[in-house]
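Chain by chain, the residues run as shown.
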Amino acid sequence: MKMTFRWYGEGNDSISLGQIKQIPGVEGIVWALHDVPAGEEWPSDKIEAVKKQAEQYGLNIDVVESVNVHEDIKLGLPTRDHYIENYKRTIKKLAAAGVKVICYNFMPVFDWTRTDLFKEMEDGSTALFFEKAKVEDMDPFELVDKISSNSAYTMPGWEPERLSKLKELFEAYKNVSEEELFQNLEYFLKEIIPVAEENNIKMGIHPDDPPFSIFGLPRIMTNQQNIRRVLSLVDSPSNGVTLCSGSLGANPDNNVAEMVREFADRIPFAHIRNVKVYENGDFIETSHRSSDGTVDILEIMKAYHDSGFTGYARPDHGRHIWGEECRPGYGLYDRGLGIMYLWGIWDSLERIGRVS
Ligand code: DNO
C-alpha cells in the first residue's frame, strides 16, 4: 500500500507540502489543476510546476484526482468527441510527467453532495453532514447557494462555471436514463482506455457520493453490481475503480470489504474513510476509526491486506478538529490521525502475517 495525501495546490489549500511531508509514510500528493475547466486540455507548464513543487519535498505526483469529465460526454452529445480528444491529450501529458493513476467520476451535474459542511458533533468538532429528507424536499438551487456561501474555497465539483449552467443541465438530463448514462460511459471508456493502456495509466472511476440518485438525476456508480458492470464495459487493467469506502458506505447495503475482495486487481487507488449512517438515511463523516462509524474500516483494511494490495491509498474526508480552519473535510489533523489509524491496522496485519 502506497500512502498519499490530497493537496489542492499553492494558495488553494490551508496545508503546506512541508506539513504533508511530516505525516508518517506519505509518499506522494494527490493533486489536480483545479483552475482548468472540465473538458479543457491541461497545459504542460502547469503540470510541470506542480511536479517541481512536490519534488522539492520528496513527494511524488503519481495520482491525479480528478481530470473532470465534461458534461457533454456524460450527456452523450455530438460535441463530446472534441472533449474526449482533449481528455486523451491530457492523459498523454500526465503520463509523460510520470503520473500513474487518474481518478475521475461520472456523476451528472453535481459531484459529492452534502447539506451541511460544518455540522457540530457532540465533542465540539464539526463534520460534513447529509440530511436525506432535506435533499428530498430541497430545490437544488437552494443547496447550491448554501454550500457555495458556506465555504471560503471553491470546492471540486462546485466550480462556478459548472454551477452557472445549472438550469440548462437539469433540463438536459431530463432525457437521460441510467441505462443511457451507462452507454455514454461505455462510449467514453472505449475511446480513452486504449490511450491509458498505451501510456501505462490506470483510470479509476470514483463512486457516486452519495451512492443514490439525488434531485432526480441518474447515478450509476452506486453498488457492487454496477461497479462490476462498469469494469466489464472495457475489460482492461487500465479500466479501474477508485474504491471510496465513505461514498459507498453511505448506503449500509453496500459491503465495501466484499467489493475490495472482488475487485482487488482493478483498484489502483483506495479512498479510506468512515461515515456514520442513521436509520433515517442521514449520514455524518466521523473519524476513520471503525467503532466511530458504520463502515468497518478494520475489515476493509484486512480485505486489502489479504488481497496483497500494492496500489495507492489516501485517508479521506475528516472532521474539523482542534479549531483548525481548512477546506471542508480536508483538514490536516483528522486526516493525519486517519493515516496513523490505517498504518496501525496495516502494520499489525503485516506483523501477524509474517508470524503465522
Ligand atoms: C470530495 C471528493 C470528490 C472526488 C471526485 C472524484 O471530496 O471525494 O470530489 O474527488 O468525485 O472524481
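Everything that follows concerns the structure shown earlier in this document.
To start, this report covers the structure provided alongside it. (Residues numbered from 1 in each chain as written. Predicted model: local features only at pLDDT ≥ 70, side-chain atom pairs only at ≥ 80, totals over all residues. Heavy atoms only, no water.)

Within the protein, the secondary structure is distributed over 14 helices and twelve strands. On C-alpha atoms alone, the protein measures out to a radius of gyration of 19 Å, which is about the 21 Å that the 2.2 N^0.38 rule sets for 356 residues. With respect to the three principal axes, the spread of C-alpha positions in the protein is 55 × 45 × 40 Å. Sorting the 356 residues of the protein into buried and exposed places 58% on the buried side. Taking all contacts inside the protein whose residues are at least 6 apart in sequence as the whole, residues at least 24 apart take part in 75%. By element, 47% of the accessible surface of the protein is carried by carbon and sulfur atoms, the whole surface being about 14,700 Å². On the protein, the mean spot of the 39 positive side-chain charges and the mean spot of the 57 negative ones are 4 Å from each other. (Helix = DSSP H or I, 4+ residues; strand = E, 2+ residues; numbered from the N terminus. Rg over C-alpha atoms; globule rule 2.2 N^0.38 Å. Buried < 20%, exposed > 50% of the residue type's maximum accessible area, 1.4 Å probe, protein only. Contact = heavy atoms within 4.5 Å. Areas by Shrake-Rupley, 256 points an atom, 1.4 Å probe, with all protein chains shown as cover. Lys, Arg positive; Asp, Glu negative; His and termini not counted. Charge placed at Lys NZ, Arg CZ, Asp CG, Glu CD.)

All right, on to the sheet that holds strand E5 (residues 116–120) then. Ordered by their spatial adjacency, four strands build an open sheet running E5-E6-E11-E10, and the pairing between neighbours is antiparallel. On the outer flanks of this sheet lie E5 and strand E10 (275–277), each paired with one strand and no other. Adjacent strand axes in the sheet meet at a mean angle of 35 degrees when their direction is disregarded. Where strand E6 (residues 126–130) and strand E11 (residues 283–285) come together, two bridges link them in antiparallel fashion. Its bridge partner being in E11, Phe 130 is matched across the sheet by Phe 283. (Pairing = 2+ DSSP bridges. Axes fitted to C-alpha atoms, helices over the stretch in contact; angles between N-to-C directions.)

All right, on to the site of the ligand then. Residues in contact with the ligand, as listed here, are Arg 6, Glu 65, Ser 66, Cys 103, Tyr 104, Asn 105, Met 107, Asp 111, Trp 112, His 206, His 317 and Tyr 330. Between Arg 6 and the ligand, the recorded distance is 3.3 Å, taken from a side-chain N or O atom to an oxygen atom. For the ligand, whose free accessible area comes to 330 Å², the fraction covered by protein is 99%. A total of three residues in the shell around the ligand trace back to one element, the largest contributor, which is strand E4 (residues 101–105). (Near = heavy atom within 4 Å. Polar contact = N/O pair within 3.5 Å; in protein donor to acceptor, adjacent residues only side chain to side chain.)

Turning next to the nonpolar core. By size, the foremost hydrophobic cluster in this structure holds 107 residues, and its most contacted members are Trp 31 and Phe 188. Top element by residues in this core is helix H9 (residues 178–198). It accounts for nine residues. When neighbours within four sequence positions are excluded, Phe 188 is seen to be in contact with Val 69, Ile 73, Ile 84, Tyr 87, Tyr 104 and Phe 106. Listed in part, the six residues of the second largest apolar core include Val 30, Val 63, Val 101 and Phe 269. (Core = buried A, V, L, I, M, F, W, Y, C linked by side-chain atoms within 4.5 Å.)

To continue, consider the side chain of Asn 184. Within the secondary structure layout, Asn 184 lies in helix H9. Accessibility expressed as a relative area gives 11% for Asn 184, which makes it buried. A polar side-chain atom of Asn 184 sits 2.7 Å from the main-chain carbonyl oxygen of Lys 74. Apart from the residues lying within four places of it in its own chain, the contact partners of Asn 184 are Ile 73, Lys 74, Leu 75, Gly 76, Arg 80, Phe 106 and Val 176.

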